[in-house]
Amino acid sequence: MRPSGLALVAAVFALGSGAALAATDPHHEQERLRPADMTLARRTTLRTADLASGWKRMPVGPDDDSKCPGFDPDFSAFTITGKASSLFARQGGGAVVSAVEVYKTHAQAIGDFRTGAKPALAKCLRHVFETGLARGTGGTARTISSRMVPAPRVGERSALYRLVGRLSIQGRTIRVYMDVLAFQRGRSITSLVSSGLGGPIRGQTAVARLIAARMR
């Protein structure tokens, strides 16, 4: 399988909405993008230097604001003033995506994070995995488990979601591991999504802390 399949589903999830892919109007955050905060978001995203050798930067497609069944939090009270993302993949299957959003105030970033970082978001991850990965690879994807688990300490607050699933393509079945680590610091929220074939991507927490150090 080419790296682009996992890259797609990781990007689809990370590029949703703050800590959660779940929102279309009227529940989506408002956007009032400012040049300084756009620059801050771009400077915060995952960089080549944050990763071990073997990772290649890839283009990121447009945001996907599709709803997730059973999870529709209301983010309309919050305003995004900056956003950016980056995507890396490696041969043999694996993708890491970062999506950074900057909010109007520190209090808004906290509020948005608390609104989205709920156990029910695991159902959203399952939905995106089963639809996005199938669309990206032409195969079928089935979830084994998807749940919110204890998160490492990153930034001011953090949440971690873990999915294990199976991808069947061209007569072969592969186990897929996906971690979604969302964290907030200052006016910013980052979603770091890592997807691996046959085993999880290691070192996510260390990478997240590098990103958190750049958040404001």
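Here's a quick rundown of the structure. None of these values were measured; they are calculated from a predicted model. (Residues numbered from 1 in each chain as written. Predicted model: local features only at pLDDT ≥ 70, side-chain atom pairs only at ≥ 80, totals over all residues. Heavy atoms only, no water.)

1. What to know about unusual backbone geometry
Let me state the cut-off plainly: Think of it this way: any DSSP run of H or I at least four residues long counts as a helix, any run of E at least two long counts as a strand, and we number them from the N terminus. Classification of residues uses two cut-offs on accessible area relative to the type maximum, computed with a 1.4 Å probe and protein chains only: under 20% is buried, over 50% is exposed, and between them is partly exposed.
Phi is positive for Gln 170, which is not a glycine, with a value near 50 degrees. Position of Gln 170 relative to the elements: it lies in the loop between strand E6 (157-169) and strand E7 (172-185). Relative accessible area serves as the criterion here: at 81%, Gln 170 is assigned to the exposed category.

2. Digging into the environment of Val 97
Its location among the elements puts Val 97 in strand E4 (residues 94-103). A relative accessible area of 0% places Val 97 in the buried class. Placed 98 residues apart in sequence, Val 97 and Ser 195 show a C-alpha to C-alpha distance of 8.9 Å.

3. Focus: the pattern of salt bridges
Note the threshold: Whenever Lys or Arg places a side-chain nitrogen within 4 Å of a carboxyl oxygen from Asp or Glu, that contact is recorded as a salt bridge.
Counted by the stated rule, this structure contains seven salt bridges. Among the ionic pairs, Glu 31 bridges to Lys 83, the shortest N-O distance being 2.9 Å. On the criterion of sequence distance, the pair formed by Glu 31 in strand E1 (residues 30-31) and Lys 83 in strand E3 (residues 79-89) is long-range, its members being 52 residues apart. Look at Glu 31 and you get partly exposed, because its relative accessible area is 32%. Here Arg 157 makes a salt bridge to Glu 156, at a shortest N to O gap of 3.4 Å. Each of Arg 34, Asp 37 and Arg 187 takes part in one network of salt bridges that share partners.

4. Section: helix H5 (residues 204-214)
Selection rule: Of all possible arcs, the one meant is that of the directions from the helix axis to the C-beta atoms. Two residues form a contact once any of their heavy atoms are found within 4.5 Å.
Residues Gln 204, Val 207, Ala 208, Ile 211, Ala 212 and Arg 214 constitute the buried set of H5. With its buried residues spanning 155 degrees around the axis, H5 presents them on a single face. Here the buried face of H5 lies against helix H2 (35-44), E4, E6, E7 and strand E8 (188-197).

5. Quick look at the pairing of E4
Put simply, the rule is: Strands were regarded as paired on the criterion that DSSP finds at least two bridges between them.
Within E4, ten of the ten residues are buried, leaving the element largely enclosed by the surrounding structure. Across the two faces of E4 the burial is the same, with Gly 94, Val 96, Ser 98, Val 100 and Val 102 and Ala 95, Val 97, Ala 99, Glu 101 and Tyr 103 all buried. As defined by bridge partners, E3 adjoins E4 across nine bridges and the pair is classed as antiparallel. Looking at E4, one finds that Phe 88 is bridged to Val 96. Two successive antiparallel strands, E3 and E4, enclose a turn made up of four residues, where Gly 92 displays a positive phi of approximately 90 degrees. Relative to E8, E4 runs antiparallel, the two sharing nine bridges. Following the sheet pairing, Val 100 is matched in E8 by Thr 190.

Without other data, these values stay purely geometric and don't point to any function.
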